[in-house]
Amino acid sequence: MTTSTDSPARRVVLGPGVRLTHLLFGGAVLLNEKTLALAECTERDAAVIERLLSGEHPGPDGTEARRLTRDLLRSQWLVVTDEVK
């Protein structure tokens, strides 16, 4: 049996129908276009989201960043995919 080492890398992306809008003061808003659900993000939350979307570690604020990441994934504002950009 052979094992392939060419498996695609998993990455975090916005969920289906989700838009991310950055605000002037440094925060952001997530909007689900289908349900019109809205989530306001603080400046710190927006920075964690940007790091996740760029493929980086969520950041130095370990516990809070992990909680935010878990909540965003559970609520499907963000999803994990194997698809290539």
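Structural data are supplied above this passage.
Every value quoted in this text rests on a predicted model; they were computed, and no experiment measured them.

### Structural notes on the overall build of the protein chain
And then number 1: Looking only at helices and strands, one finds two helices and five strands in the protein chain.
And then number 2: Taken from N to C terminus, the helices and strands of the protein chain fall in the order β-β-β-β-α-α-β.
And then number 3: Excluding contacts between residues fewer than 6 apart, the proportion of contacts in the protein chain whose partners are at least 24 apart in sequence is 44%.
And then number 4: Carbon and sulfur atoms make up 54% of the accessible area of the protein chain, which amounts to about 6,200 Å² in all.

### Description of the side chain of T69
And then number 1: Along the chain, the position of T69 falls in helix 2 (residues 62-74).
And then number 2: You can call T69 buried: its relative accessible area is 13%.
And then number 3: Once you skip the residues sitting within four places of it in the chain, T69 turns out to touch V48, L52 and P58.

### Some details on the pattern of salt bridges
And then number 1: Applying the stated criterion across every chain yields a total of five salt bridges.
And then number 2: Between R67 and E64 there is a salt bridge; the shortest N-O distance is 2.3 Å. Of the two residues, R67 and E64 both sit in helix 2, three residues apart, roughly one turn of that helix.
And then number 3: For E64, a relative accessible area of 31% puts it in the partly exposed group.
And then number 4: With a closest N to O distance of 2.7 Å, D71 and R67 form a salt bridge. Taken together, the positions of D71 and R67, both in helix 2 and four residues apart, correspond to about one turn of that helix.
And then number 5: Salt bridges here are not isolated pairs; linked through shared partners, they connect E64, R67, R70 and D71.

Definitions and limits used
- Residues numbered from 1 in each chain as written.
- Predicted model: local features only at pLDDT ≥ 70, side-chain atom pairs only at ≥ 80, totals over all residues.
- Heavy atoms only, no water.
- Helix = DSSP H or I, 4+ residues; strand = E, 2+ residues; numbered from the N terminus.
- Contact = heavy atoms within 4.5 Å.
- Areas by Shrake-Rupley, 256 points an atom, 1.4 Å probe, with all protein chains shown as cover.
- Buried < 20%, exposed > 50% of the residue type's maximum accessible area, 1.4 Å probe, protein only.
- Salt bridge = Lys/Arg side-chain N within 4 Å of Asp/Glu carboxyl O.

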